[in-house]
Amino acid sequence: MSLGTKLRRDIESGPMIVAPGAYDCITAKLIEQAGYGAVYMSGGCTAAMLGFPDYGLTTMTEMVDNAGRIAGAVNVPVIADADTGFGNELNVTRTMREYELRGIAAIQIEDQGFPKRCGHLDGKEIVPLKEFLTRIRAAVAARRDPDTLIVARTDARSIAGFNESIDRLNAALDAGADVAFFEAQQSVQETEQIPRLIHGPCLLNVTRGGKSPVPDLRQVEDMGYRIAILPGLLLMHIIGSCRQILKEARDTRTHPVPLGDISIPEMWRVVGADGWDAVQAKYK
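Calculation rules
Residues numbered from 1 in each chain as written. Predicted model: local features only at pLDDT ≥ 70, side-chain atom pairs only at ≥ 80, totals over all residues. Heavy atoms only, no water. Helix = DSSP H or I, 4+ residues; strand = E, 2+ residues; numbered from the N terminus. Contact = heavy atoms within 4.5 Å. Buried < 20%, exposed > 50% of the residue type's maximum accessible area, 1.4 Å probe, protein only. Pairing = 2+ DSSP bridges. Core = buried A, V, L, I, M, F, W, Y, C linked by side-chain atoms within 4.5 Å. 1 Å grid on protein atoms, 1.4 Å probe; cavity = no way out; pocket = protein on both sides within 12 Å on 5 of 7 lines; lining within 4 Å. Points joined across faces, edges and corners; volume = space filled by probe spheres on them. Nonpolar A, V, L, I, M, F, W, Y, C, P; charged D, E, K, R; others polar. Axes fitted to C-alpha atoms, helices over the stretch in contact; angles between N-to-C directions. Left-handed = near helix turned anticlockwise from the far one by under 90°. Phe/Tyr/Trp six-rings, centres within 6.5 Å; stacked < 30°, edge-to-face > 60°.

Another point: the side chain of Asn 66. Within the secondary structure, Asn 66 sits in helix α4 (residues 60–73). Leave out the neighbours within four places in its chain, and Asn 66 touches Tyr 23, Asp 24, Met 41, Thr 46 and Met 49.

Structural data, given as structure tokens:
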């Protein structure tokens, strides 16, 4: 069974999928080791890893290479952000093929103009519906495995309104998308309404400090969502932790105790040292 097939079956039945955001192999492995059934590769966090804000400054090659490294590091499905598809239908076609070649279970394509911006920032622009649907149709036609999922995301809420956002997502599902992603809803009431108005599986972005309310994940599942992503969860905590620990080291002139008091051997176990030790032991 491919990971795309597994993800599709998990969406169709069973509990809601919760996918924290990874931006490299270490964060992806930690997500898997914590027992989550899927990993979300955040485009914004990938940009941050490269030293950029989420302003559409990353290229398709940078994004797909990071997605491939993450997918190769874990044994659970990876849902990967592909921003706008990086151009017209030709670019979307290549983008779809490149992500699939790297073992991605689901690819996310949005209706922003290029370059795009973080969904919870001001100043976004969206393309006409016809252009958005062309992106979705191109992705559908380009996939080689019919079980690779296509997540259609709309950023239309702050530009064209709630109803237009719903219409865009339903049109994207009609065009062949598998999952609907309404970005930056503006109230709990809207969050509740979305799964009732969309005629297909819905994904919710749970992001603290953005434009949307942050409900309890149990409430999210009760509302009818099939996937919840937490794209910035780890990056936000890592930034905060790094600031705190660096200040402590500077102010005390000591090596602070790591959070969780992690030892050197445990640090390397996170990234698979035990498995590599087992390989080496075979040849001794």
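Below, the discussion takes up the pairing of strand β3 (residues 78–81). Here β3 shows a buried face lined by Val 78 and Ala 80 and a second buried face lined by Ile 79 and Asp 81. Bridge count for strand β2 (residues 39–41) against β3 is three bridges, and the pairing is parallel. Bridging from a neighbouring strand, Met 41 pairs with Ala 80 of β3. Across three bridges, β3 lies against strand β4 (residues 106–110) in parallel orientation. Residue pairing for β4: Ala 80 is matched across the bridge by Ile 107.

Backbone geometry at Asp 83 places phi at a positive 50°, although glycine is not the residue there. With respect to the secondary-structure elements, Asp 83 resides in the loop between β3 and α5 (89–101). Here Asp 83 falls in the buried class, since its relative accessible area comes to 3%. Its identity as a non-glycine residue notwithstanding, Asp 261 has a phi of 50°, on the positive side. Take Asp 261: it is sitting in the loop between α11 (233–252) and α12 (264–270).

All right, on to the nonpolar core then. Tyr 99 and Ile 136 are the most contacted members of the largest nonpolar core, which has 55 residues in total. Take this core: its biggest share by element is seven residues, from α4. With residues near it in sequence (within four places) discarded, Ile 136 still touches Ile 109, Ile 150, Ala 152, Ala 172, Ala 175 and Ala 177. Of all hydrophobic cores here, the second largest spans 16 residues; its members include Ile 11, Ile 17, Val 179 and Ile 227.

By volume, the largest pocket amounts to about 950 Å³. As for the largest pocket, its lining consists of 28 residues, and the residues nearest its centre are Ile 26, Leu 30, Ile 238, Leu 259 and Ile 262. Considering each element in turn, the lining of the largest pocket owes the most residues, seven residues, to α11. Its residues assigned to classes, the lining of the largest pocket shows 21 nonpolar, five polar and two charged.

A few words on the environment of Phe 114. Relative to the assigned elements, Phe 114 resides in the loop between β4 and α6 (129–142). Assessed through its relative accessible area of 53%, Phe 114 is described here as exposed. Distance from Phe 114 to Thr 84, taken between C-alpha atoms, is 6.9 Å for residues 30 residues apart in sequence. Those residues in contact with Phe 114, other than ones at most four positions away along the chain, are Gly 56 and Thr 84.

Further remarks concern the packing of helix α2 (residues 25–33) against α4. Remark: α2 packs on α4, axes separated minimally by 9 Å, with the N-to-C direction vectors making an angle of 35°. Note on packing geometry: the crossing formed by α2 with α4 is right-handed. Across the interface between the two elements, Cys 25, Ala 28, Lys 29 and Glu 32 from α2 touch Arg 69, Ile 70 and Ala 73 from α4. Split into classes, the residues belonging to the contact of α2 with α4 amount to four nonpolar, no polar and three charged.

Glancing now at the packing of aromatic side chains. By the definition in use, this model includes one aromatic pair. With a centroid separation of 5.4 Å and 40° between ring planes, the pair formed by Phe 162 and Phe 182 is classed as tilted. Placement of the pair is Phe 162 in helix α8 (residues 162–174) and Phe 182 in strand β6 (residues 179–182), with a sequence separation of 20 residues. Comparing Phe 162 with Phe 182 shows no difference in burial state: the two are buried.

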